[in-house]
Amino acid sequence: MQEPIKQNESTESRPEGERILDAPLVRIELKEFIQIIKSEKAWEEKDRNAITVYKNAGMKMVLVALHENALLAEHTANGIISVQVLEGEIIFNCEVKKAHLLPGEMIALHKGLPHSVKAIKESVFLLTVATAS
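Residues numbered from 1 in each chain as written. Predicted model: local features only at pLDDT ≥ 70, side-chain atom pairs only at ≥ 80, totals over all residues. Heavy atoms only, no water.

### Considering the overall build of the protein chain
Part 1 of the argument: Broken down by element type, the protein chain carries two helices and nine strands.
Part 2 of the argument: Order of helices (α) and strands (β) in the protein chain, N terminus to C terminus: β-β-α-α-β-β-β-β-β-β-β.
Part 3 of the argument: Relative to its full complement of 133 residues, the protein chain shows a buried share of 39%.
Part 4 of the argument: Long-range contacts, defined as pairs at least 24 residues apart, comprise 60% of the intrachain contacts of the protein chain with a sequence gap of at least 6.
Part 5 of the argument: Accessible surface computed for the protein chain: about 8400 Å², of which carbon and sulfur atoms make up 51%. (Helix = DSSP H or I, 4+ residues; strand = E, 2+ residues; numbered from the N terminus. Buried < 20%, exposed > 50% of the residue type's maximum accessible area, 1.4 Å probe, protein only. Contact = heavy atoms within 4.5 Å. Areas by Shrake-Rupley, 256 points an atom, 1.4 Å probe, with all protein chains shown as cover.)

Below is the structure:
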């Protein structure tokens, strides 16, 4: 039996909208999504922009772009996370340790640990949150 394909709906900030978020196989063109989030009004007006590129009941993947010196204030996640730097340079800080990350480097962090992220220079990273038990 074929699993249903889940798509997002268009929004005011992304009127072209519909893209597949969950299906038996989802191809994710990261370079294309980076261009999209860096071409949007939110990127021009704010210190960050992001787009969900995959989402189901057990996992969510979000592409995040930060301007130089942008700070994601301390927060927690409701699952195990990974952060993979694609462009730029970030400082990932948590109560356990601080990590200075460059392109091609990543971290994994247990659920519920407070953490923050600071962009040393304009940066893009892929955040994955795994919530399945």
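Don't stop here, the text continues.
### Description of the pairing of strand β4 (residues 59-66)
In the case of a regular strand, side chains alternate between the two sheet surfaces.
Part 1 of the argument: Of all eight residues making up β4, six are buried, and the element is well covered by its neighbours.
Part 2 of the argument: Here seven bridges tie strand β3 (residues 48-55) to β4, and the two strands are oriented antiparallel to one another. Bridged to Ala50 within β4 is Val64.
Part 3 of the argument: In sequence, β3 turns back onto β4 through a hairpin of three residues.
Part 4 of the argument: Summarising the sheet, β4 and strand β9 (residues 115-130) pair through eight bridges and their orientation is antiparallel. What sits directly across from Val62, in β9, is Leu127. (Pairing = 2+ DSSP bridges.)

### A few points about the nonpolar core
Part 1 of the argument: Counting 20 residues, the largest nonpolar core has Leu66, Phe92 and Phe125 as its most contacted members.
Part 2 of the argument: Filtering out sequence-adjacent residues up to four positions away, Phe125 remains in contact with Val62, Leu63, Val64, Leu66, Leu72, Val83, Gln84, Val85, Leu86, Ile90 and Val117.
Part 3 of the argument: Judged by nonpolar contacts, the second largest core, of 14 residues, contains Val26, Ile37, Trp43 and Val124. (Core = buried A, V, L, I, M, F, W, Y, C linked by side-chain atoms within 4.5 Å.)

### Focus: the environment of Thr128
Part 1 of the argument: Relative to the helices and strands, Thr128 is located in strand β9.
Part 2 of the argument: The spacing of Thr128 and Lys55 is 73 residues in sequence and 9.7 Å in space, taken between C-alpha atoms.
Part 3 of the argument: Beyond its immediate sequence surroundings of up to four residues, Thr128 is in contact with Met59, Lys60, Met61, Ile80, Ile81 and Ser82.

### Here's the deal with the side chain of Asn49
Part 1 of the argument: Mapped onto the elements of the fold, Asn49 is located in strand β3.
Part 2 of the argument: Side chain to side chain, Asn49 and Glu40 meet in a polar contact 2.8 Å long. (Polar contact = N/O pair within 3.5 Å; in protein donor to acceptor, adjacent residues only side chain to side chain.)

### Details of the pattern of salt bridges
Opposite charge on two side chains lets them pair, provided their charged atoms get close.
Part 1 of the argument: Taken as a whole and judged by the stated rule, the model has six salt bridges.
Part 2 of the argument: Asp47 is the partner of Arg48 in a salt bridge, and the nearest nitrogen-oxygen pair spans 2.9 Å.
Part 3 of the argument: Across the pair Glu89 and Lys121 runs a salt bridge, and its minimum N-O distance is 3.8 Å. Residue Glu89 is found in strand β6 (residues 80-94), and its partner Lys121 is found in strand β9; the two are separated by 32 residues along the sequence.
Part 4 of the argument: Taking the relative accessible area as the measure of exposure, Glu89 reaches 13% and is therefore buried. (Salt bridge = Lys/Arg side-chain N within 4 Å of Asp/Glu carboxyl O.)

### A few points about the pairing of β6
Part 1 of the argument: The pairing of β6 with β9 spans 13 bridges and is antiparallel. Bridging across to β9, Ile91 finds its partner in Lys118.
Part 2 of the argument: Where β6 hands over to strand β7 (residues 98-101), the hairpin turn is made up of three residues, counted between the paired strands.

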